[in-house]
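Here is what each chain is made of, one letter per residue.
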Amino acid sequence: MDKPIKKVAVVGRDADAWLAALILRLSFLKAENPIEIVLIELPSKLHPHEFYSVLPSHQVLHKVMGLRESVVFKTAGQCSLGQRFFNWSGESTSFFHGYDTHGVPVNNIEFLHYWVKARKHMQLELPLEDFSFVVEAAKQGKFPSLSDSAAQVSNATYGYHLNALPYISAIAKEAIGLGVVHKIGELKSLDQIDGNISCLHLSDGSQVQADLYIDASGEDAILISQLEAADNFESWGQWLPCDKKITASLPPLSPMPGFAQIVAFQQGWIGYFPLLNRTALTAIYSSEYATAEQIINKVNKVSKASLKAESVVQSTIKTGARKKSWIGNCVAIGESAASIEPLDATQLHILHLSMLFLRRLFPNSGDLKLEADLYNEKMQSHLTNIRDFLVAHYKLNQRHGEPLWDAQRNMQIPQSLEEKISLFSSRGMVAMCEDETFLEENWASILIGHGIMPETYDPLVEKVSRPDQVKHFQKILQYIAAEVAAMPSMQSHIEINTESSKSSIFS
Amino acid sequence: MIMNQRIKNIIIVGGGTAGWMTAAALSKTIGCRSCKITLVESEQIGTVGVGEATLPLINLFNKNVLGLDENEFVRETNATFKLGIEFADWRKVGHSYFHPFGHIGVDMDGISFMHYWLRWYKAGGGLDFSRFNAETEAARSLKFMRTTNEPGPKVMPDIYYAFHFDASLYAAYLRRYAEKLGVSRIEGMIESVNQHPDNGYISSLVLKNGETIEGDFFIDCSGFKGILIEQVYQAGYYDWSHWLPVNRAAAVPCESAGELLPFTRSTARESGWQWRIPLQHRIGNGYVFCDQYISEDEAADKLLSRLDGRALDKPKSLRFVTGVRKKAG
Ligand SMILES: Cc1cc2nc3c(=O)[nH]c(=O)nc-3n(C[C@H](O)[C@H](O)[C@H](O)COP(=O)(O)OP(=O)(O)OC[C@H]3O[C@@H](n4cnc5c(N)ncnc54)[C@H](O)[C@@H]3O)c2cc1C
């Protein structure tokens, strides 16, 4: 089996399947020996309530696909400058995780260290987030475009809230238009030879053969689950206890925030994700502590809504990841590689990682062992770091006297996270691992946000006198205020980027 | 050191390249106002005095950390510019290839240039990738320039380079720099060490003349011996000799000869390899070998017979074991 890949079969549904098919198709579109991409589409599970909250990395995915941003707005999606967390440290507490750095370093020392000193010894009361361009922009309903000089000191960026059904329909239309072969069907069985898939049998009696099979079937993982060892799926339930999800829609908010709100409550959390035509709502909870009915009541109370069981979508989350998501000639991507609750907008990021490494390691002969090993190593390393980021929220909660939150605060956490938290607690330093999705500024945002105040800070901070430091802080705040004042409103950004008469979503 | 107290007294042990680079960097970043910085070295023991060829990261250290003026540094250390390393006779006698600093080609569409090059090669292109790398082409024609930061679109890739310099002049130059910023230097041979009875931390050093030097943070730059990290703390050593068996070197400077080459040359020899490092005033040479295959005398003779210019000294012999300490602190 020493021939190049000529045909790839993607088996799955919804975002994972369509995005993967389109990206693979585009990757080889102009190649001398084009590769055939067949998509076997399983029945969709998308409901009109469904949405995707995605990280800034999704902009890269759009670029890879040559998509204009208008595809987001035309399908009623919205920009997301970050997430505001409410009540994670007890009622009426909040912090903002904006997609940006904080302040401006002095003498090559991170701003954070000066902020810690100011909070501890200089009577500063402002939270860290006040020193971020993106958070200020979010609070004022602005679109975070930076001047050249501000772009030197800030990483302000944004992700999206995508309106799942229309967004994926638009992607699907483009994929088919570009020559992805589309078959609707269901898998009946598959044949294997030496741990490789040799043939798929669909329920209509037809067969599909390919050189590489992409499992994009979500948590069902209908292909890879037939090839893997029994213990290949690693559950993260002990760290991320929520196993149920309710999704619904509320009327749009006015003015419409350009960020998500993540509100903790007794048995989980409720997220509000503004879209242009509605507010997508999700409640993530643990079935050990509550029933769906209780949660719907809770949601109605918190959001002053009157949702009924019939008007919401209920689903389960099987939190965890596959140790190997590439086995033989089968690659599990997106949610069939890992399933993670949408607390930190990572849902489509798993797909992004899958496609990034699959593209980088796309096989050129029949022997896939070397590629699979490296792919699995990279995916696992990325996923572990993402897991830790989510676990940190649960571990650091300060909701005392509620069984779910007490248990999670007292749980034993992975050592990698333990080390991160203790180094940060001791000296405000983020011990970055290889393959991190979230950068130092993201870690600092949530660790500080959840109430860790480092015991000490970098001693070199002392080289700046206190009066000079106060002046520096004032200058930063003025700088941020002036920059944000000059930014366009989110509204006008969306209008300008939707108006275009061109109907194509490709640039 | 007592915990929860700021470090007030830093002692650097050793005055070779490592010691003076550390002293210079600390006096520049931490400064000597709130913290005393002292360096102890022994002229009698001396320094290795070889490390003369560097990598481009040295620029970050010189410019970004210390803020040195590059021209001054070049003048003070008799430095020359280095664009890469020529590996002669490694694949087979008569063959040579160049390892340039800087980028080869340009990645396109998220795909590494290497893959485009491989396709080009398979379609009949030559093995020599030099035409895709500015440093190699420049080295081949004995040229050098720095990246020009002219406004407007780039017409040339950035140029990556390092230096060849006289290691003892570099140490002396950094010594002047550090002493100006307040580092004090003590000449003397360390004979023993006092440790804190509770935690085993080093509390002071005792010199041969009986003087004790107290400190609360010690940095070991004593070279291969590691008098603190190894002799006090037994850090242990990962021995890499089974992969890198060379364990001796004969080193000798010779007169400059021919045009100045903007690169280091490493030539494979019967029992190791020979370096050629051109400085402004001389060429540094050394035969790195494994004593299992050739004697020190024979290696020194071979080296002397393979110089480009007249030897300026008798060959100096060095012994080492390749590897890394198990712990650095
Ligand atoms: C053959 C060879 C070639 C090399 N070539 C290169 C090269 O081209 N480029 C490169 O970057 N690196 C090179 N290296 C590595 C480099 O030379 C060394 O890593 C570096 O020079 C070591 O410097 P140092 O300051 O750590 O040690 P040393 O130069 O050995 O300095 C040690 C210092 O500690 C002091 N000291 C030691 N014991 C005591 C004591 N008991 N009391 C007081 N003082 C004491 C000495 O007086 C001296 O000042 C080479 C190494 C070898 C062996």
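Residues numbered from 1 in each chain as written. Chains lettered and ligands numbered in written order. Predicted model: local features only at pLDDT ≥ 70, side-chain atom pairs only at ≥ 80, totals over all residues. Heavy atoms only, no water.

## Describing the overall build of chain A
A tally of regular secondary structure across chain A gives 15 helices and 22 strands. The globule rule puts the C-alpha radius of gyration for 507 residues at 23 Å, and the 23 Å found for chain A is close to it. The dimensions of chain A, computed from C-alpha atoms along their principal axes, are 75 × 50 × 50 Å. Residues classed as buried in chain A amount to 59% of the 507 residues present. By sequence separation, contacts in chain A at least 24 residues apart represent 76% of the contacts at least 6 residues apart. (Helix = DSSP H or I, 4+ residues; strand = E, 2+ residues; numbered from the N terminus. Rg over C-alpha atoms; globule rule 2.2 N^0.38 Å. Buried < 20%, exposed > 50% of the residue type's maximum accessible area, 1.4 Å probe, protein only. Contact = heavy atoms within 4.5 Å.)

## Some remarks on the overall build of chain B
Each helix and strand in chain B was counted, giving seven helices and 18 strands. Counting only C-alpha atoms, chain B reaches 70 × 55 × 35 Å along its principal axes. Counting 37 positive and 37 negative side-chain charges, chain B places the centres of these two groups 3 Å from one another. (Lys, Arg positive; Asp, Glu negative; His and termini not counted. Charge placed at Lys NZ, Arg CZ, Asp CG, Glu CD.)

## Some words on the domain arrangement of chain A
Parsing chain A into structural domains produces domain 1 (7-48 + 57-77 + 162-234 + 320-367) and domain 2 (100-156 + 414-490). If you average the C-alpha positions of domain 1 of chain A and of domain 2 of chain A, the two centres end up 38 Å apart. (Domains from an automatic or database assignment.)

## Looking at the confidence of the model for chain B
For chain B, per-residue confidence averages 94 on the pLDDT scale, and 99% of positions sit at 70 or higher. Both scores are available for the predicted complex, with the pTM at 0.91 and the ipTM at 0.82. (pLDDT = per-residue confidence, 0-100.)

## Overview of the site of the ligand
Residue and element names in this part refer to chain B. Around the ligand, 27 residues are found, and the nearest of them are Gly-15, Ser-42, Val-48, Ala-53 and Ile-190. Interatomic distance of 3.2 Å between a backbone N/O atom of Thr-17 and an oxygen atom of the ligand. Contacts to the ligand include Glu-52, whose backbone N or O atom sits 3.4 Å from an oxygen atom. Protein chains bury 76% of the 990 Å² of accessible surface belonging to the ligand in isolation. In terms of residue class, the shell around the ligand is built from 13 nonpolar, eleven polar and three charged. When residues of the shell around the ligand are assigned to domains, at least three fall in each of domain 1 (9-52 + 166-234) and domain 2 (239-325). (Near = heavy atom within 4 Å. Polar contact = N/O pair within 3.5 Å; in protein donor to acceptor, adjacent residues only side chain to side chain. Areas by Shrake-Rupley, 256 points an atom, 1.4 Å probe, with all protein chains shown as cover. Nonpolar A, V, L, I, M, F, W, Y, C, P; charged D, E, K, R; others polar.)

## What about the sheet that holds strand 9 (residues 187-193) of chain A?
Residue and element names in this part refer to chain A. One open sheet accounts for three strands, arranged 9-10-11; its pairing is antiparallel. Every interior strand has two partners, whereas the edge strands, strand 9 and strand 11 (207-208), have only one. Where strand 10 (residues 196-202) lies against strand 11, two bridges are found, and the strand directions are antiparallel. Counterpart to Leu-200 in the pairing with strand 11 is Val-208. (Pairing = 2+ DSSP bridges.)

## Quick word on the packing of aromatic side chains
Scanning the model with the defined rule gives 35 aromatic pairs over all chains in all. Here the aromatic rings of Phe-111 of chain A and Phe-473 of chain A are separated by 4.9 Å at their centres, their planes lie at 35°, and the arrangement is tilted. You can see Phe-111 of chain A sitting in helix 4 (residues 111-121) and its partner Phe-473 of chain A sitting in helix 14 (residues 466-486), a full 362 residues away along the chain. For the residue pair Phe-111 of chain A and Phe-473 of chain A, the accessibility class agrees, reading buried in each case. By way of ring pairs, the aromatic residues Phe-73, Phe-81, Phe-144, Tyr-161, Phe-163, Phe-165 and Tyr-170 of chain B are connected into one cluster. Positioned above the aromatic ring of Trp-239 of chain A is the side chain of Arg-387 of chain A, whose terminal nitrogen or guanidinium carbon lies 4.8 Å from the ring centre. Over the aromatic face of Tyr-457 of chain A sits the side chain of Arg-6 of chain B, whose NZ or CZ is 5.7 Å from the ring centroid. (Phe/Tyr/Trp six-rings, centres within 6.5 Å; stacked < 30°, edge-to-face > 60°. Lys NZ or Arg CZ within 6 Å of the ring centre and 35° of its normal.)

## Digging into the pairing of strand 15 (residues 260-265) of chain A
All names here are of chain A. Within strand 15, six of the six residues are buried, which leaves it mostly tucked inside the rest of the structure. Burial of the side chains of strand 15 extends over both faces: Ala-260, Ile-262 and Ala-264 are buried on one face and Gln-261, Val-263 and Phe-265 on the other. As defined by bridge partners, strand 5 (residues 82-86) adjoins strand 15 across four bridges and the pair is classed as parallel. Of the residues in strand 15, the one forming a bridge with Arg-84 is Gln-261. The sheet contact formed by strand 15 and strand 16 (residues 268-274) spans five bridges and is antiparallel. In the sheet register, Val-263 faces strand 16, and the bridge partner there is Ile-270. Connecting strand 15 to the next strand, strand 16, in antiparallel fashion are two residues.

## A short note on the interface of chain B and chain A
Across the boundary between the two partners, chain B contributes seven residues, which contact seven residues of chain A. Summed over both sides, the interface of chain B with chain A buries roughly 590 Å², with 36% coming from carbon and sulfur. For chain B, the biggest contributors to the area lost against chain A are Arg-6, Thr-29 and Ile-30 of chain B; these three give 56% of the whole. One can count two salt bridges joining chain B with chain A. Where chain B meets chain A, there are four residue pairs in polar contact (both at pLDDT 80 or more). Of the residues contributing to the side of chain B that touches chain A, the split by class is two nonpolar, one polar and four charged. (Buried area = accessible area lost by both parts, 1.4 Å probe. Salt bridge = Lys/Arg side-chain N within 4 Å of Asp/Glu carboxyl O.)

## Some thoughts on unusual backbone geometry
Residues and elements named next belong to chain A. Here Ser-254 and Pro-255 are connected by a cis peptide whose omega angle stands at -5°. With respect to the helices, strands and loops of the structure, Pro-255 is situated in the loop between strand 14 (244-250) and strand 15. Residues other than glycine seldom take positive phi values, yet Asp-194 does so here, at roughly 50°. Overall, Asp-194 belongs to the exposed group, its relative accessible area being 74%.

## Some remarks on the domain arrangement of chain B
All names here are of chain B. Per the domain assignment, the segments of chain B are domain 1 (9-52 + 166-234) and domain 2 (239-325). Put simply, the middle of domain 1 and the middle of domain 2, counted by C-alpha atoms, are 29 Å apart. Buried area between domain 1 and domain 2, both sides added, is near 810 Å², and the carbon and sulfur share of it is 54%. Inspection of the domain 1/domain 2 interface yields three salt bridges.

## Examining helix 7 (residues 296-305) of chain B
All names here are of chain B. Along helix 7, the residues that are buried comprise Ala-299, Ala-300 and Leu-303. Projection of helix 7 onto a plane perpendicular to its axis shows the buried side chains occupying an angular sector of 100°, all on one side. Seen from the open side of helix 7, the exposed residues pointing more than 90 degrees away from its buried face are Asp-297, Asp-301 and Ser-305. Packed against the buried residues of helix 7 are strand 13 (248-254), strand 15 (272-278) and strand 16 (283-289). (Arc of directions from axis to C-beta.)

## Some points on the sheet that holds strand 2 (residues 36-41) of chain A
Residue and element names in this part refer to chain A. Strand order across the open sheet formed by six strands is 8-2-1-12-21-20, with mixed pairing between neighbours. Every other strand in the sheet has two partners, leaving strand 8 (181-184) and strand 20 (326-327) as the edge strands with one partner each. Sheet strands touched by helix 1 (residues 14-27): strand 1 (7-12), strand 2, strand 8 and strand 12 (212-216). Its angle to strand 2, the strand with the most contacts, is close to 170°. (Axes fitted to C-alpha atoms, helices over the stretch in contact; angles between N-to-C directions.)

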